[in-house]
Amino acid sequence: MDKVAAAPADTLPQAVLFCCDHNSVRSPMAEAMMKRLYGTDCYVQSAGVRSDREIDGFAIAVCQEWGLELSRHRTRSFDDMRDWGDDLSAYDLVVALTPASAHCVADLTRAAAVQVEHWPILDPTGQGEGREERLDAYRRTRDMILARLLDRFGPPRGDWAPAP
């Protein structure tokens, strides 16, 4: 489930959900990048197993370096999705970025015709001693997500390219 072949350049799922543990670092990064890379060709959302945290300030900072806006992101959980009427079966693809979210998604989609992929992405929280070391950890996570997106979905459809 970890190695995924790139989709043909003209093929994108109609709806993708990225998920992680808290929807405060990895899944919001993936959501923002997917939207910028592929525009409105695909409906994209993110969620977490829990929504007990706010969006992470370091995630906001490293995404701002690439012109991606995360400061307005509001975390949400799978329970929040259900309460708001957002059904997992409406997504063509659910990408779990953590082991906990992969396990949760497997349970929640057992009876649905939803493709589920697990992309193990580095958890940057708590890594590094000072601000710069912590930012570097978040940049590594951001870069891992970008590489997986490009590998899975092909080249960008718009004119956005992340800064080097």
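Residues numbered from 1 in each chain as written. Predicted model: local features only at pLDDT ≥ 70, side-chain atom pairs only at ≥ 80, totals over all residues. Heavy atoms only, no water.

## What about the overall build of the chain?
And then number 1: The number of helices and strands found in the chain is five helices and four strands.
And then number 2: Ordered by position in the sequence, the α and β elements of the chain form the string β-α-β-α-α-β-α-β-α.
And then number 3: For 164 residues, the compact-globule estimate of 2.2 N^0.38 gives 15 Å, and the C-alpha radius of gyration of the chain, at 15 Å, lies within 12% of that figure.
And then number 4: Taken along the three principal axes of its C-alpha coordinates, the chain extends 45 × 35 × 30 Å.
And then number 5: For the chain, with 164 residues in total, the buried portion stands at 51%.
And then number 6: Long-range pairs, those at least 24 residues apart, make up 74% of the contacts in the chain between residues at least 6 apart in sequence. (Helix = DSSP H or I, 4+ residues; strand = E, 2+ residues; numbered from the N terminus. Rg over C-alpha atoms; globule rule 2.2 N^0.38 Å. Buried < 20%, exposed > 50% of the residue type's maximum accessible area, 1.4 Å probe, protein only. Contact = heavy atoms within 4.5 Å.)

## A look at the side chain of Arg 142
And then number 1: Tracing the backbone shows Arg 142 in helix α5 (residues 131-153).
And then number 2: Side-chain polar atoms of Arg 142 contact the backbone oxygen of Val 62, separated by 2.8 Å.
And then number 3: With near-sequence residues (within four places) excluded, Arg 142 lies in contact with Met 29, Met 33, Val 62, Glu 65 and Trp 66. (Polar contact = N/O pair within 3.5 Å; in protein donor to acceptor, adjacent residues only side chain to side chain.)

## Quick notes on the packing of helix α2 (residues 57-64) against α5
And then number 1: Where α2 meets α5, the axes come as close as 9 Å, and the angle between the chain directions of the two elements is 70 degrees. Here α2 is positioned roughly perpendicular relative to α5, judged by the angle of their axes. Judged by the twist between their axes, the crossing of α2 over α5 is right-handed. Contact with α2, carried on its side by Phe 58, Ala 59, Ala 61 and Val 62, involves Arg 131, Arg 134, Leu 135, Tyr 138, Arg 139 and Arg 142 of α5 and no other residues of that element.
And then number 2: Looking at side-chain class alone, the contact of α2 with α5 contains six nonpolar, no polar and four charged residues. (Axes fitted to C-alpha atoms, helices over the stretch in contact; angles between N-to-C directions. Parallel < 35°, antiparallel > 145°, perpendicular 65-115°, else oblique. Left-handed = near helix turned anticlockwise from the far one by under 90°. Nonpolar A, V, L, I, M, F, W, Y, C, P; charged D, E, K, R; others polar.)

## Quick word on helix α1 (residues 26-38)
And then number 1: End to end, α1 covers 18 Å across 13 residues, agreeing with the expected 18 Å (1.5 Å per residue, within 8%).
And then number 2: For α1, the tally of buried residues reaches 11 of 13 residues, placing the bulk of the element in the interior.
And then number 3: Buried residues in α1 make contact with β1 (15-20), β2 (43-48), α2 and α5.
And then number 4: Gly 39 sits one or two positions beyond α1 and adopts a positive phi of about 60 degrees. (Expected span 1.5 Å × (residues − 1).)

## As for the nonpolar core
And then number 1: If you look at the biggest cluster of nonpolar residues, it comprises 36 residues, and the most contacted ones within it are Phe 18, Met 29, Met 33, Met 34 and Leu 149.
And then number 2: Residue assignment for this core shows that the elements contributing at least two residues are β1, α1, α2, β3 (93-96) and α5.
And then number 3: Top element by residues in this core is α1. It accounts for seven residues.
And then number 4: Those residues in contact with Met 33 that lie beyond four places of it in its chain are Trp 66, Leu 68, Arg 142, Ile 145, Leu 146, Leu 149 and Trp 160.
And then number 5: Residues Ala 15, Leu 17, Cys 19 and Ala 47 belong to the second largest nonpolar core, which totals 14 residues. (Core = buried A, V, L, I, M, F, W, Y, C linked by side-chain atoms within 4.5 Å.)

## Considering the pattern of salt bridges
And then number 1: All chains considered together, the criterion is met by 14 salt bridges.
And then number 2: With its nearest N and O atoms 4.0 Å apart, the salt bridge here joins Arg 50 to Asp 52.
And then number 3: The shortest N-O distance in the salt bridge between Arg 82 and Asp 79 comes to 3.1 Å. Taken together, the positions of Arg 82 and Asp 79, both in helix α3 (residues 78-83) and three residues apart, correspond to about one turn of that helix.
And then number 4: Overall, Arg 82 belongs to the exposed group, its relative accessible area being 55%.
And then number 5: Among the charged side chains, a network of salt bridges with common partners joins Glu 65, Glu 132, Asp 136, Arg 139, Arg 142 and Asp 143. (Salt bridge = Lys/Arg side-chain N within 4 Å of Asp/Glu carboxyl O.)

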